[in-house]
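# Coordinates in review
Here's the letter readout for the chains.
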Amino acid sequence: MRWADYKRHYRETLRLGGSIMLGQLGVIVVGFVDNIMVGHHSAVELAAASFVNNFFALAFIFGMGFSYGLTPVIGGLFVGKEYGRAGETLRASLLVNFLVSLLMMGVMAFLLANLRVFDQPEELLPFIYPYYLIQLASIPFVMLFNAYKQFCDATTDTVAPMCVMLAANVLNIIGNYLLIYGHCGFPEWGLAGAGVSTLLSRVVMCLAFVCLMGKGRRYARYREGYLRGRVRREDCGRLLRLGLPVGFQMGVETASFNLSVIMMGWIGSAALAAHQIAGVVTTLGFMVYYGIGAAVAIRVSGFKRMGDWRSVRQASYAGLRLIWGVALCVMLFIFLFRGRLGYLFTADEEIARLVALLALPVILYQAGDGLQVLFANALRGMADVRWMAWVAFCCHFGLALPIGYVCGFVLEWGALGVWAGFPVSLTTLGLLLWRRFHERTRSYLTAEDHSH
């Protein structure tokens, strides 16, 4: 591919993905601030936050993945200028996302009722229970927000979601300051205060999109279908068929991290807190990769609608180069500052030492993580989602967890061993998704050439 072609795809991908990345970086900053504030309030609360956040990361990542099923549908309608149908499909997506959120709440409530099965340190339980319940209440608002955000992204308006997310993040940080430490006459609620602040910010994000869709000038052309269209069974079925495999694929990756947090709890509170910090640090790369990958998915869905498979390949490989450039910067940053990262969150030397140790596998899997994020999104834009869900399950549960258990407890590598499986699983998954994408697009190009 000529440089001029790459330049065009770089520019368009960054135009779409830049806003998504800024919004996601805002999420990262809030994650950093949340953990720093909670960690400086008490190390025990940081460990409790690690346990709960890793559990809910599974629910929220699954929910985010499920909402991705809307992107290729809306992207195709947008390219075809079927604006009324796009608004009607959003209406169906909101209903489906809400119903899925109720199911997710039931599952998470069941886990809460059986929390002692996970054999976590007894001193964490008084902090875990209230924080868990607050997070539980926020699930429907997150799911509705996801539907609105994916609709905006698929219609190439990535700026509005970014502004909403950044404003909500500022609100969250202010709420943390007031409610964790009890400043300005507010109660000192510690970890529970961080949970209340997060819940309020998620409610605000959801309400902002309700106002945007009801009053925003840009969305006037979708409003008839959005407000008065009927919810079609075939739309709901299509969203379920596309969303569930993507949610499952992203969920099993998060589940492998979440099951690792249980193993970290077996090692001790310090390992659990270090796991939380390392998890926050690793999102530094993932959320940027996600922004680029989401932009690629939007562009691929449009090219697919037009039958332009050459542009599908070009846009995807241009996105891969962008992601790998970011991955190199992330690896360098973590390597240079690995010894200091832990002290940003806590003064505990043991936790900081473990964070520096866990930075090594984090560095090793950045390129593989970027690879799997990019081609998972490219396949999502092509609506080819079922196959990758099963491959993700095999890689994360067949490689990451067994390798982590063997290295952590059989070979007695401790916390480092628990994380040892992630570089293998993520890189393997990335290579398999790349092969699937390469073969599918090549077959379409071959058919296109023969037709000419």
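Further up the page is the structure itself.
A brief report on the enclosed structure follows. Just so it is clear, the structure is predicted and the values come from calculations on it, not from any experiment.

Here is what the cut-offs are and how they apply
- Counting from 1, residues in each chain are numbered in the order their sequence is written.
- Local features in this predicted model are restricted to residues whose pLDDT is 70 or higher, and side-chain atom pairs enter the listing and the counts only when it is 80 or higher, whereas totals over whole chains, interfaces and linings include all residues.
- Water and hydrogen atoms play no part in the side-chain values, which are based on all heavy atoms of the structure.
- A helix here means a DSSP run of H or I that spans at least four residues, while a strand means a run of E at least two residues long, and both kinds are numbered starting from the N terminus.
- Note on method: radius of gyration uses C-alpha positions; expected globular size equals 2.2 Å times residues raised to 0.38.
- Note on exposure labels: buried denotes an accessible area under 20% of the residue type's maximum, exposed denotes more than 50%, and partly exposed covers the range between, all computed with a 1.4 Å probe on protein chains only.
- Computed by Shrake-Rupley with a 1.4 Å probe, the accessible areas treat only the displayed protein chains as cover when residues are assessed.
- Only four residue types enter the tally: Lys and Arg on the positive side, Asp and Glu on the negative side; His and the chain ends are excluded.
- Every charge is mapped onto a representative atom, which is NZ of Lys, CZ of Arg, CG of Asp or CD of Glu.
- The definitions used throughout rest on a 1 Å grid laid over the protein atoms alone, on which a cavity is an enclosed set of points accommodating a 1.4 Å probe that cannot get out and a pocket is an open set flanked by protein within 12 Å on both sides along at least five of seven lines; lining residues are those having an atom within 4 Å of a point.
- Grid points are joined across faces, edges and corners, and a volume is the space filled by probe spheres set on the points.
- Residues are grouped as follows: Ala, Val, Leu, Ile, Met, Phe, Trp, Tyr, Cys and Pro are nonpolar; Asp, Glu, Lys and Arg are charged; every other residue, Gly included, is polar.
- Excluding any residue in a salt bridge, patches collect residues exceeding 30% relative accessible area, merging like charges within 9 Å and nonpolar Val, Leu, Ile, Met, Phe, Trp and Tyr side chains within 5 Å.
- Only one rule defines a salt bridge in this text: a Lys or Arg side-chain nitrogen within 4 Å of an Asp or Glu carboxyl oxygen.
- The nonpolar core is taken to be a set of buried Ala, Val, Leu, Ile, Met, Phe, Trp, Tyr and Cys residues, with the residues joined through side-chain atoms within 4.5 Å.
- Contacts are assigned to residue pairs that have any heavy atoms within 4.5 Å of one another.
- With axes taken as lines fitted to C-alpha atoms, and helix axes fitted only over the stretch in contact, angles between N-to-C directions fall between 0 and 180 degrees.
- Here is the rule for angles: anything less than 35 degrees is roughly parallel, anything more than 145 is roughly antiparallel, 65 through 115 is roughly perpendicular, and the remaining ranges are oblique.
- The sense of a crossing depends on the near helix, which, turned anticlockwise from the far helix by less than a right angle, makes the crossing left-handed and, turned clockwise, makes it right-handed.
- Pairing of aromatic side chains here covers Phe, Tyr and the six-membered ring of Trp, requires ring centres within 6.5 Å, and sorts the geometry by plane angle: under 30 degrees stacked, over 60 edge-to-face, intermediate tilted.
- Consider the ring centre and the ring normal. A charge sits over the ring if Lys NZ or Arg CZ is within 6 Å of that centre and within 35 degrees of that normal.

Take the overall build of the protein chain next. A count of helices and strands for the protein chain gives 17 helices and zero strands. Against the globule reference of 22 Å for 452 residues, the protein chain gives a C-alpha radius of gyration of 22 Å, in line with a compact fold. Counting only C-alpha atoms and orienting by the principal axes, one finds that the protein chain spans roughly 65 × 45 × 35 Å. Out of the 452 residues belonging to the protein chain, those deemed buried represent 59%. Only carbon and sulfur atoms are counted for the fraction: they give 67% of the accessible area of the protein chain, which is about 18200 Å². Between the averaged position of the 37 positive side-chain charges in the protein chain and that of its 26 negative side-chain charges there is a distance of 13 Å.

This part covers the layout of surface pockets. One number sums up the size of the largest pocket: a volume of about 450 Å³. Considering the residues around the largest pocket, the lining is formed by 21 residues, among which Leu58, Ala59, Val107, Met108 and Leu111 are closest to the centre. When residues of the lining of the largest pocket are traced back to their parent elements, those giving at least two are α2 (43-67), α4 (83-113) and α10 (233-267). Considering only enclosed or pocket space, the second largest pocket measures out at about 210 Å³ in volume. Around the second largest pocket, the lining is made up of 14 residues, and of these Val79, Thr156, Ile298, Arg299 and Gly302 lie nearest the centre. Broken down by secondary-structure element, the contributors of at least two residues to the lining of the second largest pocket are α1 (3-41), α3 (70-79) and α11 (269-306). Residues that form the lining of the second largest pocket fall into these classes: seven nonpolar, four polar and three charged.

Moving on to a positive patch on the surface. On the surface, a cluster of positive charge is contributed by Arg238, Arg241, Lys304 and Arg386. By the secondary structure assignment, Arg238 is in helix α10. Residue classification places Arg238 among the partly exposed residues on the basis of a relative accessible area of 42%.

We now examine the nonpolar core. Within the largest apolar cluster, 144 residues are counted, with the highest numbers of intra-cluster contacts made by Phe151 and Trp419. Ranked by residues supplied to this core, first place goes to α11 with 21 residues. Contacts of Phe151, omitting those with residues within four sequence positions, involve Leu70, Ile74, Ala86, Gly87, Leu90, Met213, Tyr219 and Tyr222.

A few words now on unusual backbone geometry. Unusually for a residue other than glycine, Lys81 sits at a positive phi of about 60 degrees. Structurally, the position occupied by Lys81 is in the loop between α3 and α4. The phi angle at Ala383 is positive, at roughly 65 degrees, despite the residue not being glycine. In this fold, Ala383 is placed in the loop between α14 (366-381) and α15 (386-410).

The final tally for this structure, using the stated rule, is five cavities of 30 Å³ or more. Quantified by volume, the largest cavity comes out at close to 1300 Å³. Lining the largest cavity we find 46 residues, and of these Val27, Ala57, Ile61, Thr283 and Met287 sit closest to its centre. Taken together, the elements giving at least two residues each to the lining of the largest cavity come down to α1, α2, α5 (125-137), α6 (139-154), α7 (159-181), α8 (191-215), α10 and α11. Examining the composition of the lining of the largest cavity, we find that nine residues originate from one element, α11, more than from any other. When the residues that make up the lining of the largest cavity are grouped by side-chain class, the tally is 22 nonpolar, 19 polar and five charged. Forming the boundary of the second largest cavity are 13 residues, of which Gln249, Met250, Val373, Ala376 and Asn377 lie nearest the centre. Those elements that provide at least two residues to the lining of the second largest cavity are α10, α11 and α14. The element best represented in the lining of the second largest cavity is α14, accounting for five residues.

So, on to the environment of Pro126. Tracing the sequence through the fold places Pro126 in helix α5. Note: C-alpha distance between Pro126 and Arg116 (10 residues apart in sequence) is 12 Å.

The next subject is a nonpolar patch on the surface. There is a patch of nonpolar side chains on the surface, built from Trp266, Tyr405, Val406, Val410, Leu411 and Trp413 and spanning about 620 Å² of accessible area. The element best represented in the nonpolar patch is α15, accounting for three residues. Note that Trp413 resides in the loop between α15 and α16 (415-418).

Two elements in contact, α3 and α6, have axes separated by 8 Å at closest approach and are oriented at 40 degrees. Between α3 and α6, the angle falls in the class oblique. Crossing hand, α3 versus α6: right-handed. Listed contacts from α6 to Leu70, Thr71, Ile74, Gly75 and Phe78 of α3 are Ala147, Gln150, Phe151 and Ala154.

Turning our eyes to something else, we now look at the packing of aromatic side chains. Under the counting rule described, the total for this entry stands at 22 aromatic pairs. Where Tyr83 meets Tyr222, the ring centres are 5.5 Å apart and the plane angle is 90 degrees; that geometry is what we call edge-to-face. In this pair, Tyr83 sits in helix α4 while Tyr222 sits in helix α9 (residues 220-228), placing the two residues 139 residues apart along the sequence. Connected via pairs of aromatic rings, a cluster forms that spans Phe78, Tyr83, Phe151, Tyr219 and Tyr222. In this structure, Arg380 packs its charged tip against the face of Tyr68, placed 3.8 Å from the ring centre.

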